[in-house]
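Notes for the structure review
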Amino acid sequence: MKIYATFKALVLSKSSITSRDGQNTYYKISLMDLASNEAGTVSCTEEVAQGVVPMSTCECTAAYDDKYSSFKVTQIVRLPDAGPGKPAGNGPDKK
């Protein structure tokens, strides 16, 4: 079973590592959760790693797969820049 979660985060960096035999590449992104201000590194798909822009605010979708006990970011959408004096990731002001 897969359980999905969506959250807003600041992308800090991205990285990849190739397996010793050169057959597989694994991707990770470093995120800071905007709700809790906690940061960490999370596995992600190749598509997410290719499309992510460091130091940008994004809405992330991640999946926990109990079959493999894995947690991976599967989708990321860049949010508009907040601009000076506005909190990151909240989008345009609502009136």
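In this report, we go over the structure that sits alongside the text. Since the structure is predicted, the reported quantities are computational estimates derived from the model, not experimental observations.

Once that is clear, we can look at the overall build of the protein chain. Across its full length, the protein chain holds 1 helix and 5 strands. Within the protein chain, buried positions represent 29% of all 95 residues. Here the protein chain displays about 6700 Å² of accessible surface, and carbon together with sulfur accounts for 51% of that area.

Our next topic: the sheet that holds strand β2 (residues 25-33). A barrel is described by the order of its strands in space; here 5 strands give the closed sequence β1-β2-β3-β5-β4, paired in mixed fashion. Taken over all neighbouring pairs, the strand axes of this sheet differ in orientation by 55° on average, direction set aside. Relative to strand β3 (residues 39-44), β2 runs antiparallel, the two sharing 6 bridges. Residue pairing in the sheet places Leu31 in a bridge with Gly40 of β3.

The next subject is the pairing of strand β1 (residues 2-18). Looking at chain direction, β1 and strand β4 (residues 56-65) are connected through 10 bridges and run antiparallel. Each residue of the ladder has a partner; that of Lys2, found in β4, is Asp65. In this structure, β1 lies alongside β2, joined through 9 bridges in antiparallel fashion. Its bridge partner being in β2, Ser16 is matched across the sheet by Tyr27. Between β1 and the antiparallel strand that follows it, β2, lie 6 residues; Gly22 among them carries a positive phi value of about 75°.

Time to look at the environment of Val73. By the element assignment, Val73 lies in strand β5 (residues 70-78). We classify Val73 as buried; its relative accessible area is 0%. Counting along the chain gives 46 residues from Val73 to Tyr27, while the straight-line C-alpha distance between them is 10.0 Å. Not counting chain neighbours up to four residues away, the residues in contact with Val73 comprise Ile29, Leu31, Val42, Ser43, Cys44, Thr45, Val48, Cys60, Thr61 and Ala62.

Core analysis: the largest hydrophobic core is formed by 16 residues, its most contacted members being Ile29, Leu31, Cys44, Cys60, Val73 and Ile76. Every element with two or more residues in this core is listed here: β1, β2, β3, α1 (46-51), β4 and β5. If we skip the residues at most four places from it in the chain, Leu31 touches Phe7, Ala9, Leu10, Val11, Leu12, Glu38, Ala39, Gly40, Val42, Cys60 and Val73.

Definitions and cut-offs
- Residues numbered from 1 in each chain as written.
- Predicted model: local features only at pLDDT ≥ 70, side-chain atom pairs only at ≥ 80, totals over all residues.
- Heavy atoms only, no water.
- Helix = DSSP H or I, 4+ residues; strand = E, 2+ residues; numbered from the N terminus.
- Buried < 20%, exposed > 50% of the residue type's maximum accessible area, 1.4 Å probe, protein only.
- Areas by Shrake-Rupley, 256 points an atom, 1.4 Å probe, with all protein chains shown as cover.
- Pairing = 2+ DSSP bridges.
- Axes fitted to C-alpha atoms, helices over the stretch in contact; angles between N-to-C directions.
- Contact = heavy atoms within 4.5 Å.
- Core = buried A, V, L, I, M, F, W, Y, C linked by side-chain atoms within 4.5 Å.

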